[in-house]
Amino acid sequence: MENSYIYPGDGASHTRTTFQFVVFRPSIEEILEGVVLSASSSGLQVSLGFFSGIFIKPENMVAGSYYDETEKVWIWNYQEEHKLFMDVGQKIRLRVISESFVDTTPSGPQLAAEHQAAVAAAAAGSVVAVAKDPFSEVHPYTIYGSTDGSGLGMISWWAEDEDEDVKDEANEGQEDSQSEHLEST
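Residues numbered from 1 in each chain as written. Predicted model: local features only at pLDDT ≥ 70, side-chain atom pairs only at ≥ 80, totals over all residues. Heavy atoms only, no water.

A. The arrangement of the pairing of strand β7 (residues 73–78) in detail. Sheet topology places strand β6 (residues 65–68) next to β7; four bridges connect them, and they run antiparallel. Across the sheet, Asp 68 pairs through a bridge with Val 73, a residue of β7. Connecting the antiparallel pair β6 and β7 is a turn made up of four residues, with Lys 72 showing a positive phi of about 55 degrees. Examined bridge by bridge, β7 and strand β8 (residues 82–86) share five bridges and lie antiparallel to one another. Bridge pairing links Asn 77 to Lys 83 in β8. Turn length for the β7-β8 hairpin, with the two strands adjacent in sequence and antiparallel, is three residues, and the turn residue Gln 79 shows positive phi of about 50 degrees. (Pairing = 2+ DSSP bridges. Helix = DSSP H or I, 4+ residues; strand = E, 2+ residues; numbered from the N terminus.)

B. Molecular detail of the nonpolar core. In terms of nonpolar packing, the biggest core is built from 21 residues, with Leu 44, Ile 54, Ile 56, Trp 74, Met 86, Ile 92 and Leu 94 touching the most fellow members. Looking at this core, the elements that each hand over two or more residues are β3 (31–40), β4 (43–47), β5 (54–56), β7, β9 (91–101) and β10 (141–146). (Core = buried A, V, L, I, M, F, W, Y, C linked by side-chain atoms within 4.5 Å. Buried < 20%, exposed > 50% of the residue type's maximum accessible area, 1.4 Å probe, protein only.)

C. Geometry of a nonpolar patch on the surface. Nonpolar side chains collect at one region of the surface, where Phe 19, Phe 21 and Val 23 lie side by side and expose about 390 Å² of accessible area between them. Here Val 23 lies in the loop between β2 (14–15) and β3. On the basis of relative accessible area, Val 23 is assigned to the exposed category, the value being 58%. (Patch = residues over 30% accessible without salt bridge, like charges linked within 9 Å, V, L, I, M, F, W, Y side chains within 5 Å. Areas by Shrake-Rupley, 256 points an atom, 1.4 Å probe, with all protein chains shown as cover. Salt bridge = Lys/Arg side-chain N within 4 Å of Asp/Glu carboxyl O.)

D. Region of interest: the sheet that holds β7. Reading across from one edge, β6-β7-β8 is the order of the three strands in this open sheet, with antiparallel pairing throughout. A strand with exactly one partner marks an edge of an open sheet, and here the two such strands are β6 and β8. Each adjacent strand pair in this sheet contributes to an overall mean axis angle of 35 degrees, direction not counted. (Axes fitted to C-alpha atoms, helices over the stretch in contact; angles between N-to-C directions.)

E. Summary view of the side chain of Arg 95. Mapping Arg 95 onto the fold places it in strand β9. Setting aside anything within four residues of it in sequence, one finds Arg 95 in contact with Glu 29, Glu 30, Ile 31, Tyr 144, Gly 145, Ser 146, Asp 148 and Leu 152. (Contact = heavy atoms within 4.5 Å.)

F. Broad picture of the confidence of the model for the protein. Per-residue confidence for the protein gives a mean pLDDT of 80, with 69% of residues at or over 70. Put simply, helix α2 (residues 155–184) is where the protein has its lowest mean pLDDT, 56, and β5 is where it has its highest, 96. Every residue in residues 177–182 scores below 50 in pLDDT, and together they form zero contacts with partners more than four places removed in sequence or on other chains. (pLDDT = per-residue confidence, 0-100.)

G. Quick look at the packing of aromatic side chains. Evaluation of the coordinates by the stated rule reveals eight aromatic pairs. When the centroid spacing of 4.6 Å and the interplanar angle of 25 degrees are considered together, the rings of Phe 101 and Tyr 141 count as stacked. In this pair, Phe 101 is assigned in strand β9 and Tyr 141 in strand β10, connecting sequence segments 40 residues apart. Look at Tyr 141 and you get buried, because its relative accessible area is 10%. The lysine or arginine in question, Lys 57, covers the ring of Tyr 144, its NZ or CZ lying 4.7 Å from the ring centre. (Phe/Tyr/Trp six-rings, centres within 6.5 Å; stacked < 30°, edge-to-face > 60°. Lys NZ or Arg CZ within 6 Å of the ring centre and 35° of its normal.)

H. A look at the pattern of salt bridges. Throughout the structure, instances matching the rule amount to four salt bridges. Between Arg 25 and Glu 99 there is a salt bridge whose closest N-O contact spans 2.6 Å. Here Glu 99 lies in strand β9 and Arg 25 lies in the loop between β2 and β3, a separation of 74 residues in the sequence. With a relative accessible area of 25%, Glu 99 lands in the partly exposed category. We note a salt bridge from Lys 72 to Glu 69, for which the minimum N-O separation is 2.8 Å. Taking the relative accessible area as the measure of exposure, Lys 72 reaches 46% and is therefore partly exposed.

So this is what it looks like as structure tokens:
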């Protein structure tokens, strides 16, 4: 930060600065791991902790997935005999398929009209709490993901398979060292 200057006729302080910043913008086809933040018939909302504008639409989920209205959860009907749940709060792996930037700069007259409508509704006593669908909200930056692919979806679906692969590799290494030992003797 350099020295600050106040120019004649201007009450603001002008300061030249140098800074660095970090930008989050994953590449298309990049694999991300997050946590399911919410589920609705519109799809899943995923959070990375610092960013929660990630959405998975129904058409981008694993084939055979459907939304269970009674349990408020997405279910993958795997091979007609196994139901795998996409529970809120669980880790999920997804592939980035698109992104969207929207200018969310507020406009004066629109905000004034919304404020007047809210005041009128409150005066009439007809204020109704409405649960917002995250898909209907406008986000400045939105990422759309897909779980349709091998290794994608809930981490818990694949964790057991990955553990077995690690065990198989360890067993192969032990068998190789045992056979080399037997050959040398």
